[in-house]
Each structure stands twice: as C-alpha cells, then as structure tokens.
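# Chain and residue survey
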Amino acid sequence: GQRLALLAATTALLMAASMALTVGTAVAGVIIVKSDDLPQYTPPATAFRQASKRESVEVVLRSKLDQSDSEFLKQAASTTRPSAVFALGSRAAIAAREAFPETPLVFAMALGWSRNITTDGATTGVSIELPTADLFVRFKLIIPGLHRIGLITSDSDSRTVDEARAAASELGLE
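Remember, it's a predicted structure, so these values are computed and weren't measured experimentally.

## Regarding the pattern of salt bridges
According to the stated counting rule, one finds 5 salt bridges in the structure shown. For Arg49, the salt bridge goes to Glu58, with nearest N and O atoms at 2.1 Å. As a salt-bridge pair, Glu71 and Lys74 come within 3.5 Å of each other at their nearest N and O atoms. In this pair, Glu71 and Lys74 both sit in helix H3 (residues 69-76), 3 residues apart, roughly one turn of the helix. Using a relative accessible area of 39% as the deciding quantity, one classes Glu71 as partly exposed. Residues joined in a network through salt bridges with shared partners are Lys34, Arg49 and Glu58.

Below, the structure written as structure tokens:
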C-alpha cells in the first residue's frame, strides 16, 4: 500500500523532472529535502536515489533563528535551479513549495500538509494521516458506546471541522 504509493509518487517526480525546462542556470536534478535528520527519512531518500538516474542534492532543514526554512533552502540551492523536489516531512514540503513555487514537488511522510500546501498541477505526494472518517471508525471500534466527540481547532481550520462533522454524522456521532 504505502510502498506502492511512494513508488508512484517517485515515478511522477522523475517524469516531472525529466520534462522540466530551465533557463540561465545549471540544473541540479532533484533536491531531496528532509524536515530533520531523522532515521525514518533515510530509506525513502535512499530508494529515491537508487531509482533516479538524475543527480540529487540532499538538504536537511535545521533550526536557525535568523532564517526561515524556505530561505535556508533557497540559499542551499543558490547555484542551481532544481528540476524537481522530493520532500520528506511536512516542514520540508512547506519550505520547498515556498522556496520553489514553480518547481514540481513530490512529498512523502507529511502530516497536516493539506492545511499549508495546495495540490496544484506541480504538487503531489503521500501523507501519513488517516482520513477523518477512518479515524472516527477506529474510535467506534475501540469504544462501541461512543456518542460524542470533541474537536479542538483554530478558526482558520474550517475545512477540517466540516469534514469532522460530516464523518461524525455518518457514524451517528455528535
């Protein structure tokens, strides 16, 4: 399931990278951006490098008080223009979209990405979050007598609230 989805996302990225045109700067191939230096990000980055015939540059985002993630990413790629970006983690996906808005982006292992990134023609990926309805079904399996669920959210997250209400209604929950 998830391995097949990652393979499909990687294939889409490679196709986008092979079709990308660049003018006036060297092409680095693909930039692999990791949200942090976590061991969970190593296998997908390694698999991508092995499957790709394009050169890749790896950038690990680190906390810097004087620089945003997207600025750090732009600086790390200052001498090249990537033909595509493979982002591991939400922070990497958000920074990559901000730093390279026109560059094809494939993300993986991203949580909450839909609140910060729009899926236009140049963005696709594999999230690690369950759809709200699936989550509520699991709640009902664990607590069969469940009748009411509370949700803490911000005012800017109305889509999540609407999804939660619809999913709860389908299961007879308040």
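## Focus on the confidence of the model for the chain
Mean pLDDT for the chain: 78, with 74% of residues reaching 70 or above. Taking the mean pLDDT of every element in the chain, the minimum, 50, falls on strand S1 (residues 26-27) and the maximum, 92, on strand S5 (residues 84-88). Low pLDDT (under 50) marks residues 14-25, which in the prediction has 17 contacts with non-local residues, meaning those over four places away or in another chain.

## Some points on helix H4 (residues 90-99)
Most of H4 sits out of view: 7 of its 10 residues are buried. Here the buried face of H4 lies against strand S2 (30-34), H3, S5, strand S6 (105-110) and strand S7 (123-127).

## Some details on the side chain of Thr123
Its place among the elements puts Thr123 in strand S7. Among the polar contacts made by the side chain of Thr123, one reaches the side chain of Arg97 at a distance of 2.9 Å.

## What to know about the environment of Ala166
Residue position: Ala166 is located in helix H6 (residues 158-170). Distance in space between the C-alpha atoms of Ala166 and Ala133 is 8.3 Å, their sequence separation being 33 residues.

## Quick notes on a nonpolar patch on the surface
On the surface, a nonpolar cluster with roughly 410 Å² of combined accessible area is contributed by Val137, Leu141, Ile142 and Ile143. Its location among the elements puts Val137 in helix H5 (residues 132-142). The class for Val137 is partly exposed, based on a relative accessible area of 34%.

## A closer look at the sheet that holds strand S3 (residues 56-60)
One open sheet accounts for 5 strands, arranged S3-S2-S5-S6-S7; its pairing is parallel. With one partner strand each, in any of the chains shown, S3 and S7 form the two edges of the open sheet. Shown here is a sheet whose adjacent strand axes are inclined to one another by a mean of 15°, direction ignored. Bridge count between S5 and S6: 4 bridges; the pairing is parallel. Along S6, the bridge assignment pairs Val85 with Leu105.

## Brief notes about H6
A rise of 1.5 Å per residue sets the reference length of H6, with its 13 residues, at 18 Å; its end C-alpha atoms lie 19 Å apart and thus fit the reference within 8%. Inspection of H6 places Val161, Ala164, Ala167 and Ala168 among the buried residues, and these make up the whole buried set. Projected down its long axis, H6 carries its buried residues within an arc of 130°, all on one side. Pointing more than 90 degrees away from the buried face of H6 are the exposed residues Ser169 and Glu170. At its buried positions, H6 is contacted by H5. Positioned one or two residues after H6, Gly172 has a phi angle of 75°, which is positive.

About the criteria used
- Residues numbered from 1 in each chain as written.
- Predicted model: local features only at pLDDT ≥ 70, side-chain atom pairs only at ≥ 80, totals over all residues.
- Heavy atoms only, no water.
- Salt bridge = Lys/Arg side-chain N within 4 Å of Asp/Glu carboxyl O.
- Helix = DSSP H or I, 4+ residues; strand = E, 2+ residues; numbered from the N terminus.
- Buried < 20%, exposed > 50% of the residue type's maximum accessible area, 1.4 Å probe, protein only.
- pLDDT = per-residue confidence, 0-100.
- Contact = heavy atoms within 4.5 Å.
- Polar contact = N/O pair within 3.5 Å; in protein donor to acceptor, adjacent residues only side chain to side chain.
- Patch = residues over 30% accessible without salt bridge, like charges linked within 9 Å, V, L, I, M, F, W, Y side chains within 5 Å.
- Areas by Shrake-Rupley, 256 points an atom, 1.4 Å probe, with all protein chains shown as cover.
- Pairing = 2+ DSSP bridges.
- Axes fitted to C-alpha atoms, helices over the stretch in contact; angles between N-to-C directions.
- Expected span 1.5 Å × (residues − 1).
- Arc of directions from axis to C-beta.

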